[in-house]
Amino acid sequence: CEYCSSPKEWWKPGAELSTDEICRTLENIARDFNIKGIAQLAFSGGEPLLRRDLPIVARRAKELGFPTLAIQTNGHLASRRPGLVEELIDAGVTVWGINIDGPESVHDSLREQGSWFADALAFARQICRDKRLTTTISTLVCRKNLDVISQVYELVQELGPDLWRIAHFDPIGRGAETADNYLLSPKDLRKLLGFLADIRARHQAETETFEVEIGCGGWLGKEWEGIVRPYIFHC
């Protein structure tokens, strides 16, 4: 993704943590902290499903007592390897998140060459139907897709996840190099917050609908805190 906060240029394949190193780190955390108080252990990236040892790591985390395991994925491998998804669910991963940043042309335009939307949508439909799982659709909002955010909302309504999480673009990592094309203006950000406030007000009046929130991208001021997310900023 062009907006990624973790630039791939910093990635060194030979410096990846080994399976044993990751498991030892989890063991240290379980030893030194009260992990029952950890809301969620999330495997993110980049794309976490590129790691072939992920089921081993997830299983070890569950053995250590981490209460909730989550994965954030782009859906490409997940849609094509259902056996891997089932293996991870069996290992204890019950929270699944997937990124959808617009209708097909917009979603794909925010990424490097290739067609990604079809796989993301297919996997989103799969996990949102699976009653064993808690599901999140995440959308990065920037200057390039703000005008289609209502179309994304309609798509999310069709999918029916447990949560729709909106994040606004931050000029960090790779995103620092593309800020001129992506960063929302103050007027645009206010437009996005107003859109989310209207949706949350509508959803709060309904009993069977999904939660909507803006992500943990900073304190939004007294006008918006508690309005566009179901909690007060605390990261």
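Report on the accompanying structure. Owing to the predicted nature of the structure, the values given are computational and were not obtained by experimental measurement.

Quick look at the overall build of the protein
Per the secondary structure count, the protein includes 9 helices and 6 strands. Taking 18 Å as the expected radius of gyration for a compact globule of 235 residues, we find that the protein reaches 18 Å, a close match to that expectation. The principal-axis extent of the C-alpha atoms belonging to the protein is close to 50 × 40 × 35 Å. Here the protein, with 235 residues, has 44% of them falling under the buried criterion.

What to know about helix α9 (residues 186-204)
Between its first and last C-alpha, α9 extends 27 Å over 19 residues, near the 27 Å set by a 1.5 Å rise per residue. Burial in α9 covers these residues: L192, L193, L196, A197, I199, R200 and H203. Looking at the packing, one finds that the buried side of α9 touches β4 (134-141), α7 (149-159), β5 (163-168) and β6 (211-214).

Brief notes about the sheet that holds β5
Spatial ordering of the open sheet is given by β1-β2-β3-β4-β5-β6, a layout of 6 strands whose pairing is parallel. Strand pairing shows two members of the sheet lacking a second neighbour, β1 (41-43) and β6, which therefore form its edges. Taking the axes of each pair of neighbouring strands and ignoring which way they run, one obtains an average angle of 20° across the sheet. This element, helix α4 (residues 82-90), spans β2 (69-73) and β3 (93-99) of the sheet and lies at about 135° to β3.

Concerning the nonpolar core
L88, W96, I137 and W164 are the most contacted members of the largest nonpolar core, which has 55 residues in total. The dominant element in this core, judged by the number of residues it contributes, is helix α6 (residues 117-129), at 7 residues. Within the second largest apolar cluster, 7 residues are counted, among which are Y3, L110, F169 and Y182.

Comments concerning the packing of helix α2 (residues 54-64) against α4
For the pair α2 and α4, interaxial distance at closest approach is 9 Å and the crossing angle is 15°. Between α2 and α4, the angle is such that the two are roughly parallel. At the point where α2 passes α4, the crossing takes the right-handed sense. Contact with α2, carried on its side by L54, P55, A58 and R59, involves L84, E87 and L88 of α4 and no other residues of that element.

Overview of unusual backbone geometry
Trans is the common state for peptide bonds, and a negative phi is the common state for residues other than glycine. Between G45 and G46 the backbone carries a cis peptide bond, its omega angle lying at 5°. Position of G46 relative to the elements: it lies in the loop between β1 and α2.

Here we look at the side chain of T136
Here T136 is to be found in strand β4. Once you skip the residues sitting within four places of it in the chain, T136 turns out to touch W96, G97, I98, L163 and R165.

Quick notes on the pattern of salt bridges
Going through the model one piece at a time under the given rule, you end up with 17 salt bridges. Across the salt bridge formed by D119 and R80, the nearest N and O atoms sit 2.8 Å from each other. One end of the pair, D119, is in helix α6; the other, R80, is in helix α3 (residues 76-80), with 39 residues separating them in the sequence. Taking relative accessible area as the criterion, D119 reaches 10% and is therefore assigned buried. On the accessibility criterion, R80 (55% relative accessible area) is exposed. Here E213 ties to R165 by a salt bridge, and the two come within 3.0 Å at their closest N and O atoms. With E213 in strand β6 and R165 in strand β5, this pair connects stretches of sequence that are 48 residues apart. By relative accessible area, R165 is classed as partly exposed at 30%. A single network of salt bridges, built from pairs that share partners, joins E16, R51 and D53.

Cut-offs used in this document
- Residues numbered from 1 in each chain as written.
- Predicted model: local features only at pLDDT ≥ 70, side-chain atom pairs only at ≥ 80, totals over all residues.
- Heavy atoms only, no water.
- Helix = DSSP H or I, 4+ residues; strand = E, 2+ residues; numbered from the N terminus.
- Rg over C-alpha atoms; globule rule 2.2 N^0.38 Å.
- Buried < 20%, exposed > 50% of the residue type's maximum accessible area, 1.4 Å probe, protein only.
- Expected span 1.5 Å × (residues − 1).
- Contact = heavy atoms within 4.5 Å.
- Pairing = 2+ DSSP bridges.
- Axes fitted to C-alpha atoms, helices over the stretch in contact; angles between N-to-C directions.
- Core = buried A, V, L, I, M, F, W, Y, C linked by side-chain atoms within 4.5 Å.
- Parallel < 35°, antiparallel > 145°, perpendicular 65-115°, else oblique.
- Left-handed = near helix turned anticlockwise from the far one by under 90°.
- Salt bridge = Lys/Arg side-chain N within 4 Å of Asp/Glu carboxyl O.

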